[in-house]
Each structure stands twice: as C-alpha cells, then as structure tokens.
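Structural overview for review
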Amino acid sequence: MRHLMSPLDFTPEELDKLFDLANDIENNPAKYAHACDGKILATCFYEPSTRTRLSFESAMIRLGGRVIGFSDAASSSASKGESVSDTIRIISCYADICAMRHPKEGAPMVAGEKSGIPVINAGDGGHQHPTQTLTDLLTIRSLKGSLGGFTIGLCGDLKFGRTAHSLINALVRYDNIRFIFISPEELRCPDYIIEMLKKKGISYSEVIRLEDVMPELDLLYMTRVQKERFFNEEDYIRLKDFYILDTAKMGLAKEDMLVLHPLPRVNEISVEVDADPRAAYFRQAQYGVYVRMALILTLLELA
Ligand code: NCD
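Residue positions are given per chain, counting from 1 as you read along its sequence in written order. For a predicted model such as this one, the threshold for reporting local features is a pLDDT of at least 70, and the threshold for listing and counting side-chain atom pairs is 80 or more; totals across whole chains, interfaces and linings nevertheless cover every residue. Side-chain metrics rest on all non-hydrogen atoms present in the structure, leaving aside hydrogens and water.

Examining the state of the cysteines
- In this description, the term disulfide denotes a pair of cysteine sulfurs within 2.5 Å. Tallied over the entire structure, the rule returns zero disulfides.
- In this structure Cys98 is not part of a disulfide, and its nearest cysteine sulfur, from Cys44, lies 3.8 Å away.

What about the nonpolar core?
- Counting residues in each nonpolar core, the largest one holds 61 residues, and the members touching the most others are Ile152, Leu154 and Phe179.
- A run of H or I in DSSP becomes a helix once it reaches four residues, and a run of E becomes a strand once it reaches two; helices and strands are each numbered from the N terminus. Considering every element that reaches this core, the biggest residue donor is helix α11 (residues 281–299), with 10 residues.
- Both domain 1 (7–128 + 288–299) and domain 2 (131–284) contribute no fewer than three residues apiece to this core.
- Setting aside residues no more than four positions away along its own chain, Leu154 makes contact with Ala164, Leu167, Ile168, Phe179, Ile180, Phe181, Ile182 and Tyr221.
- Buried Ala, Val, Leu, Ile, Met, Phe, Trp, Tyr and Cys residues that are joined via side-chain atoms within 4.5 Å together make up what is termed a nonpolar core. Only protein chains enter the area calculation, which uses a 1.4 Å probe; residues under 20% of their type maximum are buried, those over 50% are exposed, and those in between are partly exposed. Leu210, Leu220, Met222 and Met250 belong to the second largest nonpolar core, which has 20 residues in total. Segmentation into domains, and thus their bounds, comes from an automatic or database assignment. We call two residues contacting when some pair of their heavy atoms lies within 4.5 Å.

Quick look at the site of the ligand
- Note on definitions. A residue lies near a molecule or strand when any single heavy atom of the residue is within 4 Å of it. Surveying the vicinity of the ligand reveals the residues Arg51, Thr52, Arg101, His129, Gln132, Arg162, Thr163, Arg224, Gln226, Pro262, Leu263 and Pro264.
- Any pair of nitrogen or oxygen atoms within 3.5 Å is treated as a polar contact; in protein, a donor-acceptor pairing is required on top of that, and neighbouring residues in sequence qualify only through side-chain atoms on both sides. Thr52 is positioned with one of its side-chain polar atoms (N or O) 2.8 Å from an oxygen atom of the ligand.
- Arg224 places a polar side-chain atom, nitrogen or oxygen, 2.8 Å from an oxygen atom of the ligand.
- Values of accessible area rely on a 1.4 Å probe in the Shrake-Rupley scheme; residue burial ignores everything except the protein chains shown. Considered on its own, the ligand offers 310 Å² of accessible surface; in the complex 94% of this is hidden by protein.
- Going through the elements one at a time, α2 (51–62) and α6 (162–171) are the ones with two or more residues in the shell around the ligand.
- In this classification, the charged set is Asp, Glu, Lys and Arg, the nonpolar set is Ala, Val, Leu, Ile, Met, Phe, Trp, Tyr, Cys and Pro, and all remaining amino acids, among them Gly, are polar. Of the residues in the shell around the ligand, the class split is three nonpolar, five polar and four charged.
- In terms of domain composition, the shell around the ligand takes at least three residues from each of domain 1 (7–128 + 288–299) and domain 2 (131–284).

Re helix α5 (residues 130–144)
- To estimate the expected span of a helix, subtract one from its residue number and multiply by 1.5 Å. Given a rise of 1.5 Å per residue, 15 residues ought to cover 21 Å, and the 20 Å separating the end C-alpha atoms of α5 matches this to within 8%.
- Along α5, 12 of the 15 residues are buried, which leaves the element largely enclosed by surrounding structure.
- Three or more residues of α5 are buried, namely Pro130, Thr131, Gln132, Thr133, Leu134, Thr135, Asp136, Leu137, Leu138, Thr139, Ile140 and Arg141.
- Gly145 sits one or two positions beyond α5 and adopts a positive phi of about 90°.

Quick word on the packing of aromatic side chains
- Pairing of aromatic side chains requires ring centres within 6.5 Å, counting the rings of Phe and Tyr and the six-membered ring of Trp. Pairs whose planes differ by under 30 degrees are stacked, by over 60 edge-to-face, and all others tilted. The tally for this structure, following the rule as stated, stands at eight aromatic pairs.
- Ring centres 4.9 Å apart and planes at 65° place the aromatic pair Phe242 and Tyr243 in the edge-to-face group.
- Look at Tyr281 and Phe282: their rings are 5.2 Å apart centre to centre, the planes differ by 65°, and that puts the pair in the edge-to-face class.
- Exposure remark for Tyr281: the relative accessible area of 1% places this residue in the buried category.
- Among the aromatic side chains, those forming a connected cluster through ring pairs are Phe160, Phe230 and Tyr236.
- In this scheme, the term charge over a ring applies when either NZ of a lysine or CZ of an arginine sits within 6 Å of the ring centre and within 35 degrees of the ring normal. Cation over ring: Arg292 sits above Phe56, and NZ or CZ is 5.1 Å from the ring centre.

A word on helix α7 (residues 191–200)
- Along α7, the residues classified as buried are Ile193, Ile194, Met196 and Leu197. Buried residues of α7, viewed axially, fall in a sector of 160°; they line one side. Away from its buried face by more than 90 degrees, α7 exposes Asp191 and Lys199.
- In the core, the buried residues of α7 are packed alongside α6, β6 (177–182) and β7 (204–207).
- After α7 finishes, the residue Gly201 shows a positive phi value of roughly 70°. The arc in question is traced by the directions running from the helix axis to the C-beta atoms.

Here it is in structure tokens:
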C-alpha cells in the first residue's frame, strides 16, 4: 500500500506516467467514468479548503466513486480529543482511500503509519502540499510542453507558503531550472530550502522587487500572504499588499510567460489580469481535478 506525503514519493518517471494518465483522462473522460465504481474516498479536513477538498470530491465522483468526510475539525471527534491515529483507524473501516488536511506539520504522515488505506497529504501546516504540486507540474507540462529549461519566479509569502515549498522541492529534479525568489525580507524562503539548493548547485536568486525580474521569467508563481500562519495581525496588515500583479507589470513580461497561482487569491493578482491569455490559474485549477483522478486511480492500483 502506498501513501502520498511528499511530491518526492514518486520518481520523475512515475510522475510522467501519472501526468500521461491525467492527460488521457482530460481527453477521454468517459473511459474513466466507472473506474472507481463501489469505491469510497474519505476527505478529512481539519483546516479550511475550497479547491483541494472539492476537487478531490469531484475527482472521485467523476470516477464513479463516492465520498464521505468532514470539512472542519470542530465537526469531527478531534473536538472531543481523538487523535489522528485513532481517527484514521476508524476511517480505514469506512473508506478505501483518504485525503487529509491538517494544520499540524506531519499529521497526515502519522495517520499514514496507522492507516489500513492509502492516505494522501492534502496540506500539512506550512510544510507540504503535494497534490497542489502535482497540479502545478501537470499544468506546466501541459501548457509549456516540458518540465525543464525555464526560469521560474516564485513571488509572495515564501516563508509560510507550503505550495511554494513543495513546488521548489519537486522542481529541483528537472534540468536547467533557475529560481528567482521574490519576497519581502520577512517572508523569505526558509533556510532549509536555500541550503538544499546550494548543496545541489541549483541556480537561484532572491529579490524584493517583482518589476526588476519580470522580463526574465518564463513562469510566475504568485502566492497569497498566509494570514493564518502569522503570529501577529500588524505584520500581516503591513505585508499583505506588498505585491499586486496588474496589467502594467504584465506589460514587462515575455509574451509566452505564464502566471500560476494555487488560489485562493486575495489582492496579489488584480482581476484585470484574468483576461490576459497568460493568466493560467483557472486552467491550473481544472488540471487539479485530472491529476487527483489520476492519483486516486494510481494509489488504488486501478490504473
Ligand atoms: C493553498 C493551500 O491551501 O496551501 N490552497 C490550495 O490548496 N490551492 C494555497 C493557499 O491557501 O494560499
């Protein structure tokens, strides 16, 4: 039995197979409409979510399966003091596969150790968000044609943003990728990631102004300032509108640069940018369903 805790749990070859499957699902949805007949997905969400939970549910339903779960720790037995280890033992009796989001780093991994069914980490605190990364990689591969040979700017909250951490970790396995980290001083990428890049000899730079690097980018990955992970409100208010991508800044970018964002967006991308053909974040959300369908099939060994 296999879980998904980090994007690195799959080799690049396994990821290629997963993305081929996701593209086949995109092109031939009817072929997969009954692939999970009789199967049940449990979504155990101890932290808010719209996209991740509903895209998992949509993925399972589109495969012919059914869904049970909770979307709030307060409505689960966690509010009575039950541990995730006990909860997952119970969920294993009710479902065939589980997607879990938790505010504590490592909680889905603890659940995986006691689980009788595959567990997917759907986001653990400020740590990792592997299925968002699978979504991001599939989007890049589908829209850019490959997963190497580009300069990617990651902009915003690189300190607390788990989607950025997961994506950087996953991209270092591909060739000729240059990272440009764009953040205010207070929200810089954690040292452990910088150390990892140095150790691997991967090219990166850190800047504060988005305008300065815009013309160099092939991909711009915008992120939201992670309000819920700040220790004080004042810092959040000071930093929340540090970056606002608008049409003037888009004017500095390459004609084929793509803008990605895991969403939800707050103010960091002005709505006027949505009409720009380079804005790929809504297409990215659609890829999130295909890749989760492929992942469910793979972990249930139905692919
Ligand atoms: C992200 C998350 O939960 O980390 N959202 C998502 O799953 N698409 C990004 C965010 O909340 O900023």
